[in-house]
Amino acid sequence: MRCFISSFIVVLIILSVSFSCKKQSDQLPDKGVSFALNEHRKKTIDSIHYALELDIPESKKEAIKGKELISFLLKNTSEPVTLDFNADSSNLISVKVKGKDVAHTFANEHIVIEPSDLEKGRNEVEIEFVAGDMSLNRSEEYLYTLFVPDRASTCFPLFDQPNLKATYSLTLKTPASWEAVANGLLKDKKSDRSKSIYQFEKTKPISSYLFAFSAGKFFKTVRTIKGREMTMYYRETDTTKVNRNADEVFRLHGQSLAWLEDYTDIKYPFGKFDFVLIPSFQYGGMEHPGAIFYNESGLFLDENASVNKKMARASVIAHESAHMWFGDLVTMDWFNDVWLKEVFANFMAAKIVHPSFPEINHDLRFLLAHYPSAYEVDRSAGTNPILQELGNLKNAGTLYGAIIYQKAPIVMRQLERKIGEKMMQESLQEYLKTYSFGNARWDDLIGIIDKKTPLNIAEWSNVWVKTSGMPEYELISDNKAVSVKQLTDSISGRIWQQSVNSKWKVGDAYRESSLNLVNDKSLVIGDAKSMVFPNSSGIGYGYFKMDSESRNYFAKNYSAESDPDMTDPVFRGAILVNIWEGFLRGDGQAPQTMVSNILGMLPKEENPLLVDYLLGNLQTLWWSFLPDVTRQAMQVQMETQLWELLNATKDKGIKTSYFKAFKNVALSDDGLQKLESLWNGKLNVKDLVLSEDDKISLACEITLKGQNDPKQVLETQLNNTKNPDRKQKLAFAIPALSKNEAERDAFFESLKKPENREKEAWVLEGLSYLHHPLRQKSAVKYLRPSLEMLQEIQLTGDIFFPTRWMHNTFAGHSGIEAKKIADAFLTANPNYPFYLKNKVLQAIDMLDRAVKLKR
């Protein structure tokens, strides 16, 4: 009987444990942060503080140990509390509440604590762990975090969603010789044997993706700008380059912050203001409050930097500074509204930068900086709306792209033109003050605006923000007039409300029509016999068809002083964009004719923005659209003209642009000899100053295209490269440059391991060498495996990496075999995640068009 009872008790225990485990597993959330989990925690958890301590060893091979105290208010204890920790089970050492170990479940990238161990009101959870390396970007001499959009949980346990803002108190133990910087002001620094201990002040409430720190062997410079102390951390070893750029970098930050304080009527919200310049940083910049991270090369410019480079530097500084208000002070509630912070940062950056460059035509710059890149996605089968759907935060990185960064500012400019600058500013001030240190949605802003205007802004928003694609307009000619009309749209009844200016020419006289396109009716532009230049001001968005007579007249009379409208750079830019769009859509223009037209335009063009745009299109035509036999026939003409323009131009920035274009297309014996002589210093071009990056790039081009011993060239360049970060980057790329196909195969195979993709900028450069147009036949075999790796790359790489991986994989291909491989992959995977399928379709769009136009 005793034996029976004992056995019965054992069975009960087993059943009880099984039931308990089943109950917990039923409650486990999916991997990532689902929208449902986001909403639940938003309603039940508040007032979060993290006291975090990390011990960073000198060697990157050693683990970083951490401990934290998480304090939060819990509104009810009816359900477990779920923390996010995307790491191996061995990384979690202990979980304690009130100093005692508590039962917990660690699965599906979550730590689940049962409600019986918690209480309504204030709770404190102590956790010891080993930090995950995925988002720590560790090098031997430095590291930096990059937690956007949901990567903080790959490092330490927390509530990793944007609408659970928290304060952070950080302590870093680092090697003694390392500097450290974080969001908070440095409170104390102590020495402990071979370690430095940095303690940082508690931050203001910020979202988890904005929490950041960096530590390592950095130089630093401190300046006070308009009463605000700023510290710049950097790795660049060229002191001449640093000294040439430092004053302007600090000045641009001071100018941006002062402008934003005035525009928003809110003082800088986060106290201290530092920034870190990082070699090969994944983005142009990242807006961590109190510690902005930048790509070092974007701020430390070469001596011959073009006006585009200078504008880009000013713009990225203004963009990241604007984020302190738009994104950091007020943050999107859910990452589907991530575009909101980006569009306002871009929108404000344009306003900030304009006064610093009075010599620049800013309408032209806005046109060329936004429309071509937005069209590149919007014309593809993989386009998406500005406001996208998002079911799980783990997929938030796929939302980023040209639609957010380039199309959204165009739409925002439309909104400002509709309601006026004053109402826009007042609405944004109300928005920022209403949701300060909180979260908001696009519809919250639209609600504020709708109260101030009789216009139906919501109706306009529903088309431009919440649906995908771009309008197309055709010209209709009869015996009396030429009219413009929106073509039948892919969505029934959708009208793209916008205003468009168009010019038309009869004889020697131009006339201009201002059209308000608010329905699908045709509107008269000009007389039947006129030449028509639709969207001549470049403000309208869409594909505006042009007739061949008007296109030919434009090419023949480009920049002619006898034609006053041709002297207007915005007009030239707008029509160039129209013509390029028409070419890509197969309107009958031959690639060779396009190349000849651009070569005819370049000697007449002195505007650096338009020179860069023309050269970009010329190189795309050259490698992607011209048949090999035609390119070979035009090789000497192409090189000769670019070399002449390189030597003839007096503008140093334009000279640099011509140098880069010549380097890209040079292939003849004479062209390659010129490249080698520029590289080894035997040939000098007046006013062309070559940086260390330029010398490295020349060595790579010579190796890839030339017949000389590549090892000798690359070894010489490695020895000549002084900067350690650039030296490591070149060493990484050497196998991709090899003339030995087996070595290139081995390089590609190595990229299948995530640890070999940590330096994403290095990987992307390597891909560009593997898939160079001259090597596309041997590189075709990499295409299918690259597509198959995309899902893993999305989970392990940073937000732009999947798009860039696909782009650099397919950009060098223009043949039918590459198209068949991409099409076969999509056909074989009908249930492929739509957000990644879109990335593939975007990447192969130019390939598809090249194949069609070559037939």
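In this text, all values refer to a predicted model and were calculated from it rather than measured experimentally. (Residues numbered from 1 in each chain as written. Predicted model: local features only at pLDDT ≥ 70, side-chain atom pairs only at ≥ 80, totals over all residues. Heavy atoms only, no water.)

**Here we look at the confidence of the model for the protein chain**
- The pLDDT averaged across the protein chain works out to 93; a share of 96% of its residues lies at or above 70.
- Counted against residues more than four places away or in other chains, residues 1-25, with its pLDDT under 50, gives two contacts. (pLDDT = per-residue confidence, 0-100. Contact = heavy atoms within 4.5 Å.)

**With respect to the pairing of strand E6 (residues 104-107)**
- Two strands pair when backbone bridges link them, and E6 and strand E7 (residues 110-113) are joined in this way by four bridges, in the antiparallel orientation. Bridging from a neighbouring strand, Thr105 pairs with Val112 of E7.
- Here E6 folds back onto E7 in antiparallel fashion, the turn holding two residues, of which Asn108 has a positive phi close to 55°. (Pairing = 2+ DSSP bridges. Helix = DSSP H or I, 4+ residues; strand = E, 2+ residues; numbered from the N terminus.)

**With respect to the sheet that holds strand E11 (residues 179-182)**
- One open sheet holds the three strands; their spatial order is E9-E14-E11, and the pairing between them is antiparallel. Both edges of this open sheet fall to strand E9 (142-144) and E11, since each of them pairs with a single strand only. Going across the sheet, the axis of each strand differs from the next one's by a mean of 5°, ignoring polarity.
- Sheet topology places E9 next to strand E14 (residues 213-216); three bridges connect them, and they run antiparallel. By the bridge assignment for E14, Tyr144 is matched with Ser214. (Axes fitted to C-alpha atoms, helices over the stretch in contact; angles between N-to-C directions.)

**Details of the packing of helix H16 (residues 628-648) against helix H17 (residues 652-665)**
- Following both chains from N to C, one finds H16 and H17 inclined at 160°, their axes separated by 8 Å at the closest point. Viewed along their axes, H16 and H17 adopt a mutual orientation that is roughly antiparallel. Two packed elements cross with a definite hand, and for H16 against H17 that hand is left-handed. For the pair H16 and H17, the contacting residues are Gln635, Met638, Glu639, Leu642, Trp643, Leu645, Leu646 and Asn647 in the first and Lys655, Tyr658, Phe659, Ala661, Phe662 and Val665 in the second. (Parallel < 35°, antiparallel > 145°, perpendicular 65-115°, else oblique. Left-handed = near helix turned anticlockwise from the far one by under 90°.)

**As for the sheet that holds strand E19 (residues 291-295)**
- Spatially, E15-E16-E17-E19-E18 is the arrangement adopted by the five strands of the open sheet, whose pairing is mixed. Lying at the two open borders of the sheet, with one neighbouring strand each, are strand E15 (219-225) and strand E18 (285-286).
- Pairing of strand E16 (residues 228-234) with strand E17 (residues 273-278), which is carried by four bridges, proceeds in the parallel orientation. Within the sheet, the bridge partner assigned to Met230 lies in E17 and is Phe273.
- Contacts from helix H3 (residues 239-264) reach E15, E16, E17 and E19, with the element oriented near 135° to E16.
- Taken strand by strand, helix H5 (residues 307-323) contacts E17, E18 and E19, and its axis lies near 150° from that of E19.

**Considering the environment of Ala666**
- Residue position: Ala666 is located in the loop between H17 and helix H18 (669-680).
- As a C-alpha pair, Ala666 and Leu853 span 187 residues in sequence and 24 Å in three-dimensional space.
- In contact with Ala666, other than residues within four places in its own chain, are Gln635, Glu639, Gly671, Leu672, Leu675 and Lys705.

**Let's talk about helix H11 (residues 457-464)**
- Buried within H11 we find Ile457, Trp460, Ser461, Val463 and Trp464. Projected onto a plane normal to the axis of H11, the buried residues spread over an arc of 165° and lie on a single side. (Buried < 20%, exposed > 50% of the residue type's maximum accessible area, 1.4 Å probe, protein only. Arc of directions from axis to C-beta.)

**Examining the packing of aromatic side chains**
- Counted under the stated rule, the structure contains 57 aromatic pairs.
- Here the aromatic cluster, defined as three or more aromatic residues joined through ring pairs, consists of Tyr142, Tyr144, Phe218, Phe281, Tyr283, Phe293, Tyr400, Tyr405 and Phe800.
- Positioned above the aromatic ring of Tyr510 is the side chain of Lys505, whose terminal nitrogen or guanidinium carbon lies 5.6 Å from the ring centre.
- Here the guanidinium or amino end of Lys759 rests over the ring plane of Trp762, the centre of that ring lying 5.5 Å away. (Phe/Tyr/Trp six-rings, centres within 6.5 Å; stacked < 30°, edge-to-face > 60°. Lys NZ or Arg CZ within 6 Å of the ring centre and 35° of its normal.)

**Some words on the pairing of strand E24 (residues 498-506)**
- Judged from the nine bridges that link them, E24 and strand E25 (residues 509-517) form a sheet pairing that is antiparallel. Residue pairing in the sheet places Asn501 in a bridge with Ser514 of E25.
- Turn length for the E24-E25 hairpin, with the two strands adjacent in sequence and antiparallel, is two residues, and the turn residue Gly507 shows positive phi of about 65°.
- Here E24 pairs with strand E27 (residues 531-533) via three bridges, running antiparallel. Residue Lys503 lies in a different strand from E27, and its bridge partner there is Phe533.

**Some details on the environment of Lys660**
- Relative to the helices and strands, Lys660 is located in helix H17.
- We classify Lys660 as partly exposed; its relative accessible area is 35%.
- In the structure, Lys660 is positioned 18 residues away from Leu642 in sequence and 9.9 Å away in space, judged by C-alpha atoms.
- Ignoring sequence-local partners within four residues, the contact set of Lys660 consists of Lys309, Gln619 and Asp694.

**Quick look at the pattern of salt bridges**
- Scanning the model with the defined rule gives 47 salt bridges in all.
- Among the ionic pairs, Glu248 bridges to Arg251, the shortest N-O distance being 2.9 Å. In this pair, Glu248 and Arg251 are both assigned in helix H3, three residues apart and thus about one turn of the helix distant.
- Here Lys705 ties to Glu701 by a salt bridge, and the two come within 3.0 Å at their closest N and O atoms. (Salt bridge = Lys/Arg side-chain N within 4 Å of Asp/Glu carboxyl O.)

**With respect to H16**
- For H16, spanning 21 residues, the distance from its first C-alpha to its last is 29 Å, which sits close to the expected 30 Å at 1.5 Å a residue.
- Along its length, H16 shows its largest kink, about 50°, at Met634.
- Along its buried surface, H16 packs onto helix H14 (591-601), helix H15 (608-625), H17 and H18. (Expected span 1.5 Å × (residues − 1). Bend = angle between axes of the 7 residues up to and from the residue.)

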